[in-house]
Protein chains: 2
Amino acid sequence: MTYDCSFLGELDLDGDVSFGDSHRDGRAGDWGTPDEEKVRPDAVVWPGSTEDVSKLLAAATERGVPVTPYAAGTGLEGNATPVEAGISLDMTRMDEVLDVRPEDFQIDVEPGVIGSAVDEAVASHGLFFPPLPSSGEFSTVGGMVATDASGMKTVKYGEVADWVLELEAVLADGTVIKLGSKAAKTSSGYNLKDLVVGSEGTLAVVTRVTLRLAGIPAQKRAGRAVFASLDDATAAVADAVTSGVDVATIELLDETSTRMANAYSDTDLPDAPTVFFEFHADHGVDEEVAFCRSLFESNGAERFEVSADDTEMAELWQARKDLAYAVQSWDPDLRPLHPGDVTVPISAYGEVVSYAKELAADRGLIIPCFGHAGDGNVHYSVLVDPDDPESVELGERTYSDIVHRALELGGTATGEHGIGLGKREYLVAEHGEAAVRTMRAVKDTLDPTGTLNPGKIFPDE
Amino acid sequence: MTYDCSFLGELDLDGDVSFGDSHRDGRAGDWGTPDEEKVRPDAVVWPGSTEDVSKLLAAATERGVPVTPYAAGTGLEGNATPVEAGISLDMTRMDEVLDVRPEDFQIDVEPGVIGSAVDEAVASHGLFFPPLPSSGEFSTVGGMVATDASGMKTVKYGEVADWVLELEAVLADGTVIKLGSKAAKTSSGYNLKDLVVGSEGTLAVVTRVTLRLAGIPAQKRAGRAVFASLDDATAAVADAVTSGVDVATIELLDETSTRMANAYSDTDLPDAPTVFFEFHADHGVDEEVAFCRSLFESNGAERFEVSADDTEMAELWQARKDLAYAVQSWDPDLRPLHPGDVTVPISAYGEVVSYAKELAADRGLIIPCFGHAGDGNVHYSVLVDPDDPESVELGERTYSDIVHRALELGGTATGEHGIGLGKREYLVAEHGEAAVRTMRAVKDTLDPTGTLNPGKIFPDE
């Protein structure tokens, strides 16, 4: 499909427009889009202001031209792939930090600001942005808001939605609205702010974000523990969370993942299930670490290392940080299918991880499992031979079986990456026909012409 | 207006139906509805099950009969007043605790469960429900969800919405939907859960709630500090919050409020601005208290009392706990107008409080100010002579001036009681025409016949 986007030249935008091949190619998909599923947009627009976004959306809606918001392209579910071509709305040049109000623990940013730049802008005030995802050095605030992202510290601090106070957003018809409040709490009217957060650019385009911040804790410890078996490791994580250990981060790598990490990062971890952790506190951090250690050891931890030194902490953690790359580069002949996540209640965490490993063993597949274990979150990839249709089919089926198992256990098909294209088939299984019908009704109300990011979230009808 | 509700007898409900005067009178308003604004419903229905709610709503929608959800009736903004008569849907008999899952820090309840009963159900597991409002011994979980309530501990733990994981709810046409997830986080589909939370029964009727819980802290301290001036007291609160003191509660009573509290509770507090506080921690609580004390004293605190003893803590706090009654009973000839709240960013807290006190002085009015200061929240009442139209008019105007000042300062017209009837006139001033139009569109989509709680939230068109 191709759309005539020549009207873009007449809009008199502050920002820029390109019809060039390299610009269009660069926005044909995101980190999660395989080459064969990429779709080139007909044009790329970099808006320079809220007014630009408003003018563009009004004109595109009038002409029936799809608009797919784009930013860093770090999504893993094809969230920013312009499946129906049209316009890729690249928000990366709206990247100003507008205001920092340390006395209110608040910052106002444009959506193109990179996550780690938020931390840089507020560090001198002793503040930080806690839910930063692992991709925070690349991902934009707008992207994080679009998927309601979360990260390693979510187990203590919550997800992105918990840290968004107020949004400015533009509806498909060009209307600019303000959502939420700069007050710490509000019961005023419908909570449209949290409706837009996580809606993946299908309801509105966010043009300004007020984030809440947290104080940098006085005490930090980081470390890792090695377990003899995966069951021991998942039981230790669940035990720590259920016992109320105040962890800031608790990450699991299964044996397959540690092997991949060792190969990639040139580390010498034992090829065994490993739990990485970090503690934040203003008081008593060593008591919390000791409590955690006792729980871990009673669950069979064989090696427990911890440090308060920044360099040492980083070394202990290196393998975890490199893991996404390690999985990608494990075997040049294999490709990881859909590197997504599922999330379950913590009591079901061991069950969903062991189910994935059983399928791997039974079906002769390589399935590294890792993730933000304290949230009940598992990232897993099924490695397949992309040239072998049977391998791909088996991989797809296995991937899907794990999502369905997570749903049976009271979990969600995606804890942090959104539905995008990749998880659409699970939407009804998770929420039921009636809830999905209600979601569609909301979409049809806010964007009746289907201008914004078509093809995402909802399964084809 | 009167509706024929004789169809109720044909629905074969598990629950009960009444057309009796005393039942109808009892649901003609809530704690915030003056007698002259009460409206008797035509019938009262106590549903016994989700199926009952579904049958009833489908039948009422088909017949164009309004349905106003009702529970404890502790709302302060007329949220449950059946302004168009019809059916009062009393949820208080759906009051079962369905399941407690301590390993997941979760409880499933029916909406009629009283807030404090949640704490009782989970205390033996070392857990509690942190955002319980001050009315928690009377208010139901359903009511708290409907207004997105919050309470004294919100400054540390957040509001009710932050502790609701999953809802079952019934739409106006009788459709039962499930919203949210039992997973600790989700990015799956639109966040309809937080759209329904705080929607005051205008979008759906909640029939089951999964709440998240917190571990009871190992250390608690409670106390109070007396200040020479209101400016000192508000500056001390803002300083503590901005400095990251880890308070669980921080409440302000101005001089007028302490005088009322002394009269009602027979306490001997100085008639001076007083800050009540509570600390929760697993480690280092006394260090936090000492830090707070030093900040308070550098802001002019004249008396700082603190205790770790339960009985003593309760005594120190008694005056704060009785305050709502103290205001009501201060002068039998005066009536407190709309005892609501506004909430502003903490840096503007002193400004909104002193503005209210200036108006009181300039206009010769009694305006007690108190509230959850750490959130930037002020409860205030303007006392008026209900038999003197000039006094009522001046009171109304003053009340309104304070709300508008809060909005100018980046705040919200209601931090925790909802819009109901009483705050409808501020909705557009706070959110803008376009956002309110969007809210209306959502309402029209989910409840096209306007069955659910008509007349609330939106100003008359």
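Residues numbered from 1 in each chain as written. Chains lettered and ligands numbered in written order. Predicted model: local features only at pLDDT ≥ 70, side-chain atom pairs only at ≥ 80, totals over all residues. Heavy atoms only, no water.

The name an unreviewed UniProt entry gives chain A is D-lactate dehydrogenase (cytochrome), with Haloprofundus marisrubri as the organism. UniProt, in the comment section headed Cofactor (unreviewed entry), describes chain A in these words: "FAD". Looking at the Sequence similarities (unreviewed entry) heading of the UniProt record, one finds this comment for chain A: "Belongs to the FAD-binding oxidoreductase/transferase type 4 family." (UniProt positions renumbered as here; feature names shortened; annotations may be inferred.)

The full count for this structure, using the stated rule, is 24 aromatic pairs over all chains. Taking 6.4 Å as the distance between ring centres and 20 degrees as the angle between the ring planes, the aromatic pair formed by A:Tyr264 and A:Tyr325 counts as stacked. Of the two residues, A:Tyr264 sits in helix α8 (residues 255-265) while A:Tyr325 sits in helix α11 (residues 323-328), which places them 61 residues apart along the sequence. With a relative accessible area of 40%, A:Tyr325 lands in the partly exposed category. Among the aromatic residues, those joined into a ring-pair cluster are A:Phe227, A:Phe277, A:Phe279, A:Phe296 and A:Phe304. Here the basic side chain of B:Lys156 rests over the ring of B:Tyr157, its NZ or CZ set 5.6 Å away from the ring centre. Positioned over the ring face of B:Tyr355 is B:Arg405, at 5.9 Å from the centre of the ring. (Phe/Tyr/Trp six-rings, centres within 6.5 Å; stacked < 30°, edge-to-face > 60°. Helix = DSSP H or I, 4+ residues; strand = E, 2+ residues; numbered from the N terminus. Buried < 20%, exposed > 50% of the residue type's maximum accessible area, 1.4 Å probe, protein only. Lys NZ or Arg CZ within 6 Å of the ring centre and 35° of its normal.)

Relating one copy of the chain to the other takes a rotation about an axis and a shift parallel to that axis. Least-squares fitting of chain A to chain B yields an RMSD of 0.0 Å, with the transformation described by 0.0 Å of translation along the axis and a rotation of 180 degrees. Viewed as a symmetry operation, the transformation between the two copies matches a two-fold axis. Of the C-alpha atoms belonging to chain A, the one lying closest to the rotation axis is found on A:His283, 2.9 Å away. An overlap of 100% is found between the interface residues of chain A and their copies at the interface of chain B, pointing to a shared contact surface. (Least-squares fit on C-alpha atoms with pLDDT ≥ 70 in both. Contact = heavy atoms within 4.5 Å.)

Residues and elements named next belong to chain A. Turning to its location among the elements, threonine 50 is positioned in helix α2 (residues 50-63). The class for threonine 50 is buried, based on a relative accessible area of 19%. The contact partners of threonine 50, leaving out residues within four places of it in the chain, are Met94, Glu168, Val170, Val176 and Thr207.

All names here are of chain A. Across the sheet, 4 strands lie side by side as β1-β2-β4-β3; this open sheet has mixed pairing. Strand pairing shows two members of the sheet lacking a second neighbour, β1 (16-18) and β3 (67-70), which therefore form its edges. Strand after strand, the sheet turns through a mean of 20 degrees between neighbouring axes, direction not considered. Taken together, the 3 bridges between β1 and strand β2 (residues 43-46) define a ladder with antiparallel strand orientation. Each bridged residue has a counterpart across the sheet, and for serine 18 the counterpart in β2 is valine 44. With respect to the sheet, α2 is in contact with β2, β3 and β4 (87-90), its orientation differing from that of β4 by roughly 165 degrees. (Pairing = 2+ DSSP bridges. Axes fitted to C-alpha atoms, helices over the stretch in contact; angles between N-to-C directions.)

The parts lose accessible area when they come together, and the size of an interface is often stated as this lost area. Each side of the interface is counted separately: chain A has 75 residues, and chain B has 75 residues. Taking both sides of the interface into account, the surface hidden between chain A and chain B amounts to around 5400 Å²; carbon and sulfur atoms contribute 57%. A per-residue breakdown of the area chain A buries against chain B is headed by A:Lys185, A:Ser187 and A:Tyr190, which together make up 18% of the total. Where chain A packs against chain B, one counts 4 salt bridges. Across the pair A:Glu416 and B:Lys185 runs a salt bridge, and its minimum N-O distance is 2.6 Å. Put simply, chain A and chain B have 33 residue pairs in polar contact (both at pLDDT 80 or more) between them. At the level of elements, β9 (176-180), α6 (193-196), α7 (230-242), α9 (285-298), α14 (427-431) and α15 (433-446) of chain A are the ones that each hand at least two residues to the side of chain A that touches chain B. (Buried area = accessible area lost by both parts, 1.4 Å probe. Salt bridge = Lys/Arg side-chain N within 4 Å of Asp/Glu carboxyl O. Polar contact = N/O pair within 3.5 Å; in protein donor to acceptor, adjacent residues only side chain to side chain.)

Before going further, it helps to spend a moment on the domain arrangement of chain A. Residue and element names in this part refer to chain A. In terms of domains, chain A is made up of domain 1 (6-92), domain 2 (95-215), domain 3 (217-330) and domain 4 (331-417 + 427-447). For domain 3 versus domain 4, the distance between C-alpha centres works out to 23 Å. In this complex, domain 3 contributes 21 residues to the contact, which on the side of domain 4 involves 20 residues. Sorting the residues of domain 3 by area buried against domain 4 places Leu252, Val327 and Trp330 first, and these three jointly supply 27% of that buried surface. Counting across the domain 3 and domain 4 interface gives 1 salt bridge. (Domains from an automatic or database assignment.)

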